[in-house]
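Secondary and tertiary structure notes
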Amino acid sequence: MDAADALALLMSPHGRVDPYPTYERLREHGPIVQAAPGLYVVTGYPEVDELLRDSRLGVLDDTLRDQVWPNWRESPAISSIARSMLRTNPPDHSRMRRLASGAFSPRRIAGMRDVVRAQAEELLDSMVHRAEDGEPVDVLADFAYPLPVGVICALLGVPPADRPLFRRWAGDLTGVLEPEITAEELAAADAGAAELRDYFVELVVAGRRAPADDLTTALVQVHDADGERLTGAELLANLVVLLVAGFETTTNLLGNGLVVLLRHPEAAAALRADPGLAPAYVEELLRFDSPVQLTTRTSTAPVRCGGFDLPAGSTALLLLGAANRDPRRFPDPQRFDPTRDQAHPLSFGAGPHYCLGAGLARLEAQLAFPMLLRRLPELALAGAPRHRHRLTLRGYESLPVTLGTPAV
Ligand code: HEM
């Protein structure tokens, strides 16, 4: 199979369900392969890492975006993400990132530990209560979705009653992170983005009127040493991206990770017995079935990487999920092995756009997995989980499980 065919397979609904065999097909052509004129697919760990850190590559700027999506300014979904730090290059990116990192401080994240634990406990209680008749429950709908939404909303200062609105808005909006999107999906993403923006406008107004100790207020008030602030449009775009980037990704880490654990009962038993193993488990789960499978970069100058020349103006499809299974970096990469010597999976990216919420996502997963396994020692899959058929944000649509007898 040549690289173009492998890429087409990867993009197909069938190929998205299990992209890992296709990654190996692509890898047979080398760590970097040209799949079409100007399009390079990168599966190697050192190559993805190097390209993410290389300042000659950037995310799509407005000029390139005009070529790819001529009407993007009319799309609330694309334009809101375009104005955020996720999709801007220096100097705007560096300024926004500096300002947001100030508000997203390690102290604020560490302060979320009790919130995460309390919300996970509450969700487990209500799941156990609902499953008293022994019928299967959807652990995605009842736990893996509401936990990250609840945590990010608590961080942003969104009142609990409004949280259910966010799953659909954000779920629809994340469609624009995929390499391809249908007109119908784009319409849903635009509707979600417009609702979210309206919601955040109200939240910002409320934060200005009555400042609270939350991230929204911190972002409204933040300024750097030169007195620079986020513009109104940037503030809204970054609030939207914090929600979008912080919620479905973490849901997928919890969902994908739980499926792996339930399919490896000895490993699950070891984690149940010793929650101190959670950090190593979470790193291996992030590597083994990465919640974010890819990102893209465009070169502004010729770049030589891994013995390969990428001309200026090339697009590089950086397959994080493939890099995380590069046998040059991870021996026996197709095996889930939480005892492996951790070698930093690229699941949170690398370089200037390295995930701002990595600490929070790790905190949630490190607390949630042991809590689930200890409270529900007989937890088991009830039938095949249903995939969401997305490539960038890899995860399940539903995850039916039986809870068994809960521990007291
Ligand atoms: C960026 C993954 C959770 C906020 C990124 C990137 C990746 C990623 C791969 C880099 C994208 C690129 O280079 O193009 C993940 C995964 C998560 C997760 C796998 C969960 C398991 C979170 C959370 C938050 C968050 C919880 C916030 C609450 C962000 C932001 C960026 C980002 C703001 C953009 C940073 C920048 O452009 O400078 N994330 N993320 N993420 N993530 Fe996460």
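Look up: the structure comes first, before these words.
Here goes a summary of the coordinates provided.

Rules used in this analysis
Residues numbered from 1 in each chain as written. Predicted model: local features only at pLDDT ≥ 70, side-chain atom pairs only at ≥ 80, totals over all residues. Heavy atoms only, no water. Helix = DSSP H or I, 4+ residues; strand = E, 2+ residues; numbered from the N terminus. Rg over C-alpha atoms; globule rule 2.2 N^0.38 Å. Buried < 20%, exposed > 50% of the residue type's maximum accessible area, 1.4 Å probe, protein only. Areas by Shrake-Rupley, 256 points an atom, 1.4 Å probe, with all protein chains shown as cover. Lys, Arg positive; Asp, Glu negative; His and termini not counted. Charge placed at Lys NZ, Arg CZ, Asp CG, Glu CD. Near = heavy atom within 4 Å. Polar contact = N/O pair within 3.5 Å; in protein donor to acceptor, adjacent residues only side chain to side chain. Donors = N, O, S within 2.8 Å, 3.2 Å for Na, K, Ca; no water. Salt bridge = Lys/Arg side-chain N within 4 Å of Asp/Glu carboxyl O. Core = buried A, V, L, I, M, F, W, Y, C linked by side-chain atoms within 4.5 Å. Contact = heavy atoms within 4.5 Å. Pairing = 2+ DSSP bridges. Phe/Tyr/Trp six-rings, centres within 6.5 Å; stacked < 30°, edge-to-face > 60°. Lys NZ or Arg CZ within 6 Å of the ring centre and 35° of its normal.

Here's the deal with the overall build of the protein
Looking only at helices and strands, one finds 19 helices and twelve strands in the protein. What you see for the protein is a C-alpha radius of gyration of 21 Å, in line with the 22 Å of a compact globule of 408 residues. By its C-alpha atoms, the protein is 60 × 55 × 40 Å across when sized along the principal axes. The 408 residues of the protein split such that 55% are buried. In the structure as shown, the protein presents an accessible area of about 17200 Å², 55% of it carried by carbon and sulfur atoms. Distance between charge centroids for the protein: 3 Å, based on 41 positive and 53 negative side chains.

Topic: the site of the ligand
What surrounds the ligand is a group of 27 residues, the closest being His93, Thr295, Arg297, His353 and Cys355. The contact in question runs from an oxygen atom of the ligand to an N or O atom on the side chain of His93, over 2.7 Å. Residue Arg97 places a side-chain N or O atom 2.8 Å away from an oxygen atom belonging to the ligand. When contributions to the shell around the ligand are tallied by element, the ones reaching two or more residues are helix 7 (92-103), helix 15 (232-263), strand 5 (294-299) and helix 19 (358-375). The greatest single-element share of the shell around the ligand, amounting to six residues, is contributed by helix 15.

Thoughts on the coordination of the iron atom of the ligand
No protein donor other than Cys355 (SG) coordinates the iron atom of the ligand, and that contact is at 2.3 Å. Position of Cys355 relative to the elements: it lies in the loop between helix 18 (320-323) and helix 19.

Quick look at the pattern of salt bridges
All chains considered together, the criterion is met by 21 salt bridges. Between Arg53 and Asp49 there is a salt bridge, with its nearest N and O atoms 3.0 Å apart. Of the two residues, Arg53 and Asp49 are both situated in helix 4 (residues 45-53); the distance of four residues between them amounts to about one turn of the helix. The buried category is assigned to Asp49, whose relative accessible area is 18%.

Regarding the nonpolar core
Side chains of nonpolar character tend, in soluble globular proteins, to be buried together. Core analysis: the biggest nonpolar cluster contains 119 residues, and Phe143, Phe166 and Phe200 have the highest contact counts within it. Sorting elements by how many residues they give to this core places helix 15 first, with 16 residues. Those residues in contact with Phe200 that lie beyond four places of it in its chain are Leu156, Phe166, Leu236, Leu239, Val240 and Leu243. Grouped together as the second largest cluster of nonpolar side chains are 16 residues, Ala6, Met11, Tyr20 and Ala322 included.

Observations concerning the sheet that holds strand 12 (residues 400-402)
With antiparallel pairing, the three strands of this open sheet are ordered in space as 4-12-9. Both outer strands of the open sheet, strand 4 (137-138) and strand 9 (380-381), are each paired with one neighbouring strand and no more. Of the strand pairs in this sheet, strand 9 and strand 12 are connected by two bridges, and their pairing is antiparallel. Considered in strand 12, the bridge of Ala380 is made with Thr402.

A few points about the pairing of strand 5
Here strand 5 lies mainly inside the structure; five of its six residues are buried. Summarising the sheet, strand 3 (residues 57-58) and strand 5 pair through two bridges and their orientation is antiparallel. Opposite Leu57, over in strand 5, you have Ser299 as the bridge partner. Here strand 5 pairs with strand 8 (residues 315-319) via five bridges, running antiparallel. Residue pairing for strand 8: Leu294 is matched across the bridge by Leu319.

With respect to the environment of Val68
Along the chain, Val68 falls in helix 5 (residues 62-68). A residue is classified by how much of its surface remains accessible, and Val68, at 51% relative accessible area, is exposed. It is 25 Å that separates the C-alpha atoms of Val68 and Tyr23, two residues lying 45 residues apart in sequence.

Re the packing of aromatic side chains
This model, assessed by the stated rule, comprises twelve aromatic pairs. Measuring from centroid to centroid gives 5.8 Å for Tyr40 and Phe308, while their planes differ by 75°, and the two rings are edge-to-face. Of this pair, Tyr40 sits in strand 2 (residues 39-42) while Phe308 is found in strand 7 (residues 308-310), placing the two residues 268 residues apart along the sequence. Put simply, the rings of Phe166, Trp169, Tyr199 and Phe200 touch in pairs and so form one group of aromatic residues. The cationic tip of Arg325 hangs over the ring face of Tyr20; the distance from NZ or CZ to the ring centre is 3.6 Å. Residue placement shows Arg325 over the ring face of Phe288; its charged tip is 4.4 Å from the ring centre.

That's the geometry; what it means functionally is another story.
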